[in-house]
Amino acid sequence: MAAEVTYESVAEESDELSLMCKEDSQSCDRIKNRADREVGRGDTLLAEMEATGFGQSLRAWVTRCQEDYQGMGTHLNDLKKNTIAQDEAVVRAKGHLIAGQGVYYDIALDMEKVAEREAYISDAVDSEDTSAHTEVYETRGA
């Protein structure tokens, strides 16, 4: 069954989506900080390996791991930038919704109330409707 969509539900969903974007951005920061720490640890490890005479192949392996972490950092920066842009787009869209809501809000509320009714207040036929066929219309002429 489809959920009912109202101005209020869309506004709430946009608030939730905006909050999720902020949380995702914070997660990107935490993971990026971890990747940066690992790159730093790799530098330290490489210096110790060179000082103690480890082989070139092992140092190359550590260097590849460092490059992988640096690549992750770059991807996380892009992801964070896109997440922030998404959050800004959600905020703009909600602003447009609220601005448009001001124009049509009363009409929309009335339509929602009418849609929720089980029956109209009066099903009586108006007298203008029953006598419409007997009315005489005069043409405006010169």
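Since we're looking at a predicted model, the values are computed, not measured.

1. Things to note about the side chain of Ser25
Consideration 1: Turning to its location among the elements, Ser25 is positioned in helix α1 (residues 7-52).
Consideration 2: The buried category is assigned to Ser25, whose relative accessible area is 11%.
Consideration 3: Non-local contacts of Ser25, meaning those with residues more than four positions away in its chain, are made with Lys80, Thr83 and Ile84.

2. Considering a negative patch on the surface
Consideration 1: A surface patch of negative charge is lined by Glu8, Glu12, Glu13 and Glu16.
Consideration 2: With respect to the helices, strands and loops of the structure, Glu8 is situated in helix α1.
Consideration 3: By relative accessible area, Glu8 is classed as partly exposed at 36%.

3. A word on the pattern of salt bridges
Consideration 1: Tallied over the full model, the rule gives six salt bridges.
Consideration 2: Salt-bridge contacts for Lys94 lead to Asp15; the nearest nitrogen and oxygen are separated by 2.5 Å. Of this pair, Lys94 sits in helix α2 (residues 56-116) while Asp15 sits in helix α1, and the two are 79 residues apart along the sequence.
Consideration 3: Under the relative-accessibility criterion, Asp15 is labelled partly exposed at 40%.
Consideration 4: With a closest N to O distance of 2.8 Å, Lys22 and Asp87 form a salt bridge. Of this pair, Lys22 sits in helix α1 while Asp87 sits in helix α2, and the two are 65 residues apart along the sequence.
Consideration 5: Residues joined in a network through salt bridges with shared partners are Arg34, Glu38 and Arg41.

4. Brief notes about the environment of Leu46
Consideration 1: Inspection of the secondary structure assignment puts Leu46 in helix α1.
Consideration 2: As a C-alpha pair, Leu46 and Arg59 span 13 residues in sequence and 6.3 Å in three-dimensional space.
Consideration 3: Setting aside residues no more than four positions away along its own chain, Leu46 makes contact with Arg59, Val62, Thr63 and Gln66.

5. Things to note about the confidence of the model for the protein chain
Consideration 1: Model confidence for the protein chain is summarised by a mean pLDDT of 82, while 75% of its residues fall at 70 or above.
Consideration 2: The spread of mean pLDDT over the elements of the protein chain runs between helix α3 (residues 127-130), the lowest at 64, and α1, the highest at 90.

6. Overview of the environment of Gln86
Consideration 1: Mapping Gln86 onto the fold places it in helix α2.
Consideration 2: If near-sequence neighbours (up to four positions away) are discounted, Gln86 is found in contact with Leu17 and Cys21.

7. A short note on α1
Consideration 1: With 46 residues, α1 extends 67 Å from end C-alpha to end C-alpha; this agrees with the ideal 68 Å at 1.5 Å per step.
Consideration 2: Of the residues one or two after α1, Gly53 is the one with positive phi, at around 85 degrees.

8. Quick word on the side chain of Lys32
Consideration 1: Relative to the assigned elements, Lys32 resides in helix α1.
Consideration 2: Not counting residues up to four positions away in its chain, the partners in contact with Lys32 are Gly73, Leu76 and Asn77.

9. Let's talk about a nonpolar patch on the surface
Consideration 1: A surface patch of nonpolar side chains, about 300 Å² in accessible area, is lined by Phe54, Leu58 and Trp61.
Consideration 2: Within the secondary structure layout, Phe54 lies in the loop between α1 and α2.
Consideration 3: By relative accessible area, Phe54 is classed as partly exposed at 41%.

Quick notes on the rules
- One numbering rule holds for all chains: residues counted from 1, following each sequence as written.
- Confidence filtering applies because this is a predicted model: local features only for residues at pLDDT of at least 70, side-chain atom pairs given and counted only at 80 or more, and all residues used for totals across whole chains, interfaces and linings.
- Side-chain figures throughout are based on the complete set of non-hydrogen atoms in the structure, without hydrogens or water.
- Helix numbering and strand numbering both begin at the N terminus, where a helix is a DSSP run of H or I of at least 4 residues and a strand a DSSP run of E of at least 2.
- Burial here depends on accessible area, computed with a 1.4 Å probe over protein chains only, as a share of the maximum for the residue type. Under 20% is buried, over 50% is exposed, and the range in between is partly exposed.
- The contact definition used throughout considers only heavy atoms, calling two residues in contact when any of these lie within 4.5 Å.
- Patches draw on residues past 30% relative accessible area with no salt bridge. Two like charges within 9 Å are joined, as are two nonpolar side chains (Val, Leu, Ile, Met, Phe, Trp, Tyr) within 5 Å.
- Here the accessible surface of atoms and residues is derived via Shrake-Rupley with a 1.4 Å probe, and residues count as covered only by protein chains that are part of the display.
- Whenever Lys or Arg places a side-chain nitrogen within 4 Å of a carboxyl oxygen from Asp or Glu, that contact is recorded as a salt bridge.
- Positive charge is attributed to Lys and Arg, negative charge to Asp and Glu, and no charge count is given to His or to the chain ends.
- Positions of charges follow a simple convention, taking NZ of Lys, CZ of Arg, CG of Asp or CD of Glu.
- Confidence of the predictor in every single residue is expressed as pLDDT, which spans 0 to 100.
- What a helix should span is 1.5 Å times the count of its residues minus one.

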